[in-house]
Amino acid sequence: MTDAARTLLINPTITSRRSARFPLSLLHLAAALERSGNDSRIIDGNVDRDFVNDALRALEEGAFDAVGVSVMGGPQLAPAIAVSSVIRARFPAVPIVWGGYFPTLNPDAALAAPYVDYAVRGQAGETLPELIAALGGRAEAKLAAIGGLSWKQGGAVVHNPNRRFTLADHGRVLPYDKLGDPRRYLARTYLGRRTVAHQASVGCRFRCTFCGVAAMFGGTTVLPAAQQLERDLGYLKHTLGADSVQYFDNNFFDRERDMLPLLEVMARFEMPWWCFARADALLNLSEQAWKLVRKSRLRMAYIGAESPNGQMLKEIRKGTRPDQTMAVVELCRRHGVIPELSFMVAPPENTAEETEHTFEFIRALKRVNPQSEVVIYVYTPLPENSRHEQDRARRPAKPLFGLDGEPVAFPTTPEEWAQPRWVDYTCHADAPWLDDRLRRRIRDFVTVLRCRFPTVQDLRSPPWAKRSLSAMALWRYRYGRYDRPWELELANRLVRLRMPQVSGL
Ligand code: B12
Ligand code: SF4
């Protein structure tokens, strides 16, 4: 490989142009490649809807030494397969590298595809430059020494050891200019007119058994230095003109003593913000920290409540309790923060009872804080093989069975994972142990709930339409008559209320 190798970095389409946010994964990789003296070009399928042809054109025009594709399980798989397979067909000599959550959690499935040569697990800031450097002669000894890499040797797949997670401060902001005009990624949201996406820390110190983040990071988290955050926010606010921030940090509030310097920076910027958080972390914040949280203008915290069943929370190693969920909605109300609570209904055991129990719990939360927002997912545990290697043997998951009584067999190729039923599984929208009656029941409850309490995140629907829907849903919600809310479905089709779980903010 020459000294300055060129890599084509692709983010396959996963959301609408309106909902596109910075492809932070690729920006981090472009920065890492630049630091190692290499060049790259980014194609973002969220803004470039013809990204497959544009990728082919880029490869025709310029000499690229490798293609890197960012792949999250779910709806991003089909476009990732499409772009990778046409590149393989037209440019068979160009190595194709997959990275992101899908290959991290399913490296064997990723490498089962003939159009994937390398799967990078976890962070790739060091792995990718090392791989690019090793590609020239494809020296196997060099490949074998690269941490976090899975690759093919003969007919077998080799998984090199994991790599440690880092968050080194390289003294500069991400190379946003690689996206053309980065300002087109700022969006009007309920936080502000120009909301920007940013990730300050890396990882999460918890190991909830169902969570892809735990599977990726294995309980590790690294926070940025205050000066790094200050520099990044300064650039986003003063150079790009952002007025509010959506933090993509997996779990924003870590230990308070480490958070205080970061909150002080954010309190100086006073840019309204949204983040992922845990109920226990918010409940444990001191008055001093809350003062900074209020000053920094936290508007909404997305909290994984998961279930009202304490035993289930223990089994999935959530580490929080239902009474903490109840307490945090009250605490948020007092501090002017909207709690956005996510729940996982329809677990594999006591499926229907647990679901009804969760609906009742949600109603109780709404009574304490009617502003609480609720996101309902179906509980779809990770395949045992996808869990972090340290967690796999420790507490093996219970076997899963479908409605037919047969054990659930997870897919083994990207094509299988891209089938609608497995996309739904990845999106926590459906599971093999759900019957039609329960599916319908969940859908009906969600329809009544979101019509009765339209989300503040929806700026598209006019206020009168939201008010009318809410009034229409009143009697159904009050009397628990969720079944077949045809009139709400019809009205909803006209208004098209937003679904933040699909498009983000
Ligand atoms: C923004 C985001 C989205 C955006 C799209 C992002 C995009 N690609 O354009 C939207 C809102 C569309 C989205 C959708 C979904 N998402 Co999402 N999303 C995120 C979020 C919040 C941030 C991603 C990010 O930018 N991270 C920051 C970057 C720097 O980290 P990174 O992406 O991990 O990248 C690093 C490595 O993974 C690796 N890497 C990544 N790409 C590549 C490529 C190459 C070539 C290499 C070598 C390495 C590499 O290197 C990078 C730098 O170190 C994450 C949570 C998180 N904090 O990561 C969830 C997350 C990735 N999403 C997740 C999921 C499951 C989804 C959904 C599929 C399902 C759902 N219900 O949420 C939906 C699909 C919804 C639908 N029905 O359409 C899960 C994945 C877990 C899993 N089990 O696989 C996460 C972790 C959320 C969670 N806590 O569960 N998502
Ligand atoms: S559910 Fe939240 S707290 Fe648990 S591992 Fe995932 S990101 Fe961390």
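Because the structure is a prediction, the values reported are computed rather than measured. (Residues numbered from 1 in each chain as written. Chains lettered and ligands numbered in written order. Predicted model: local features only at pLDDT ≥ 70, side-chain atom pairs only at ≥ 80, totals over all residues. Heavy atoms only, no water.)

Enquirer: Help me understand the site of ligand 1, please; the structure alone is not making it clear to me.
Expert: Taken together, 37 residues lie around ligand 1, and Asn46, Ser70, Met72, Phe248 and Asn250 are the ones closest in. A distance of 3.3 Å separates an oxygen atom of ligand 1 from a polar backbone atom of Ala124. Elements with a minimum of two residues in the shell around ligand 1: helix H1 (24-35), strand E3 (66-70), strand E4 (96-99), helix H4 (101-105), helix H8 (212-217) and helix H22 (500-503). For the shell around ligand 1, the element with the most residues is H1, which contributes 4 residues. For the shell around ligand 1, the class distribution of residues is 18 nonpolar, 19 polar and no charged. (Near = heavy atom within 4 Å. Polar contact = N/O pair within 3.5 Å; in protein donor to acceptor, adjacent residues only side chain to side chain. Helix = DSSP H or I, 4+ residues; strand = E, 2+ residues; numbered from the N terminus. Nonpolar A, V, L, I, M, F, W, Y, C, P; charged D, E, K, R; others polar.)

Enquirer: Could you clarify how one ought to interpret the pattern of salt bridges in this entry?
Expert: Pairs can form between side chains of opposite charge whenever their charged atoms are close. Under the criterion given, the structure shown has 34 salt bridges. In this structure, Arg268 engages Glu230 in a salt bridge whose closest nitrogen and oxygen atoms are separated by 3.0 Å. Here the residue Arg268 occupies a position in helix H10 (residues 256-269), and Glu230 occupies one in helix H9 (residues 226-239), the gap between them amounting to 38 residues. With relative accessibility at 51%, the residue Arg268 sits in the exposed group. Looking at Glu230, the relative accessible area reads 32%, which means it is partly exposed. A salt bridge links Arg476 to Glu487; the shortest N-O distance between them is 2.8 Å. Taken together, the residues Arg476 in helix H20 (residues 463-479) and Glu487 in helix H21 (residues 486-495) connect sequence positions 11 residues apart. For the pair shown, Arg476 and Glu487 are each scored as buried. Sharing partners across several salt bridges, the network here consists of Arg6, Asp39 and Lys178. (Salt bridge = Lys/Arg side-chain N within 4 Å of Asp/Glu carboxyl O. Buried < 20%, exposed > 50% of the residue type's maximum accessible area, 1.4 Å probe, protein only.)

Enquirer: Would you explain the sheet that holds strand E14 (residues 298-306) in this entry?
Expert: The pairing of strands in a sheet happens through backbone hydrogen bonds and is either parallel or antiparallel. Strands sit in the order E8-E9-E12-E13-E14-E15-E16 across an open sheet of 7 strands; the sheet is mixed. Each edge of the sheet is formed by a strand with only one pairing partner; in this case those strands are strand E8 (187-189) and strand E16 (373-378). Looking at each pair of strands side by side, their axes are set apart by 30° on average, direction ignored. Strand direction decides the pairing type here: strand E15 (residues 338-345) and E16, joined by 6 bridges, are parallel. Across the sheet, the residue bridging to Met344 is Tyr377, located in E16. Lying on the sheet, H9 is in contact with strand E9 (192-198) and strand E12 (244-247); it crosses E9 at an angle near 140°. (Pairing = 2+ DSSP bridges. Axes fitted to C-alpha atoms, helices over the stretch in contact; angles between N-to-C directions. Contact = heavy atoms within 4.5 Å.)

Enquirer: Is there a simple way to think about the site of ligand 2 in this case?
Expert: Every residue close to ligand 2 is listed here: Cys204, Phe206, Cys208, Phe210, Cys211, Val213, Ala214, Asn250, Arg278 and Lys318. Its residues placed into classes, the shell around ligand 2 shows 7 nonpolar, 1 polar and 2 charged.

Enquirer: Would you mind showing me how to read the domain arrangement of the protein here?
Expert: Interface size is commonly expressed as the accessible surface area that is lost when the partners come together. What the domain assignment reports for the protein is domain 1 (6-159) and domain 2 (454-500). A straight line from the C-alpha centre of domain 1 to that of domain 2 covers 41 Å. (Domains from an automatic or database assignment.)

Enquirer: I tried to follow the UniProt feature "domain: Radical SAM core" (unreviewed entry) in the protein on my own but got confused; where do I start?
Expert: Residues given the UniProt feature "domain: Radical SAM core" (unreviewed entry) here are residues 190-415. When the span residues 190-415 is considered, its composition is 41% helix and 19% strand, and the gap between its end C-alpha atoms is 37 Å. (UniProt positions renumbered as here; feature names shortened; annotations may be inferred.)

Enquirer: Explain a positive patch on the surface to me, please; I cannot follow it from the model alone.
Expert: A contiguous patch of positive charge on the surface is contributed by Arg18, Arg188, Arg193, Arg194, Arg460 and Arg496. Tracing the backbone through its elements, the reader meets Arg188 in strand E8. (Patch = residues over 30% accessible without salt bridge, like charges linked within 9 Å, V, L, I, M, F, W, Y side chains within 5 Å. Areas by Shrake-Rupley, 256 points an atom, 1.4 Å probe, with all protein chains shown as cover. Lys, Arg positive; Asp, Glu negative; His and termini not counted. Charge placed at Lys NZ, Arg CZ, Asp CG, Glu CD.)

Enquirer: I would appreciate a short explanation of the pairing of E12 in the present structure.
Expert: On a regular strand, one side chain projects to one face of the sheet and the next to the other, so that they alternate. Taking every second residue as pointing to the same face, both faces of E12 are buried, with Ser244 and Gln246 on one and Val245 and Tyr247 on the other. Where E9 and E12 come together, 4 bridges link them in parallel fashion. Opposite Val196, over in E12, you have Val245 as the bridge partner. As judged from the 2 bridges shared by E12 and strand E13 (residues 273-277), these two strands associate in the parallel manner. For Val245, the partnering residue across the bridge sits in E13 and is Trp273.

Enquirer: Mind showing me how you'd approach the environment of Glu489 here?
Expert: By the secondary structure assignment, Glu489 is in helix H21. Here Glu489 falls in the partly exposed class, since its relative accessible area comes to 24%. Linking Glu489 and Gly218, residues 271 residues apart in sequence, is a C-alpha distance of 42 Å.

Enquirer: Hey, could you run me through the sheet that holds strand E1 (residues 6-11) in this one?
Expert: One open sheet accounts for 7 strands, arranged E2-E1-E3-E4-E5-E6-E7; its pairing is mixed. Each edge of the open sheet is held by one strand with a lone partner, namely strand E2 (39-44) and strand E7 (156-159). On average, each strand axis in the sheet is tilted by 20° relative to the strand beside it, whichever way the strands run. As paired strands, E3 and E4 are joined by 4 bridges and run parallel to one another.

Enquirer: How should the nonpolar core be read in this particular structure?
Expert: Ranked by size, the top nonpolar core spans 134 residues in total, and within it Phe22, Trp98, Tyr247, Phe253, Trp273 and Leu282 carry the most contacts. Residue-level mapping places this core at the junction of two domains, with at least three residues from each of domain 1 (6-159) and domain 2 (454-500). Beyond its immediate sequence surroundings of up to four residues, Phe253 is in contact with Met259, Leu263, Trp273, Cys275, Phe276, Ala277, Ala281, Leu282, Leu285, Val293 and Leu298. Residues Tyr190, Leu191, Met300 and Val375 belong to the second largest nonpolar core, which totals 8 residues. (Core = buried A, V, L, I, M, F, W, Y, C linked by side-chain atoms within 4.5 Å.)

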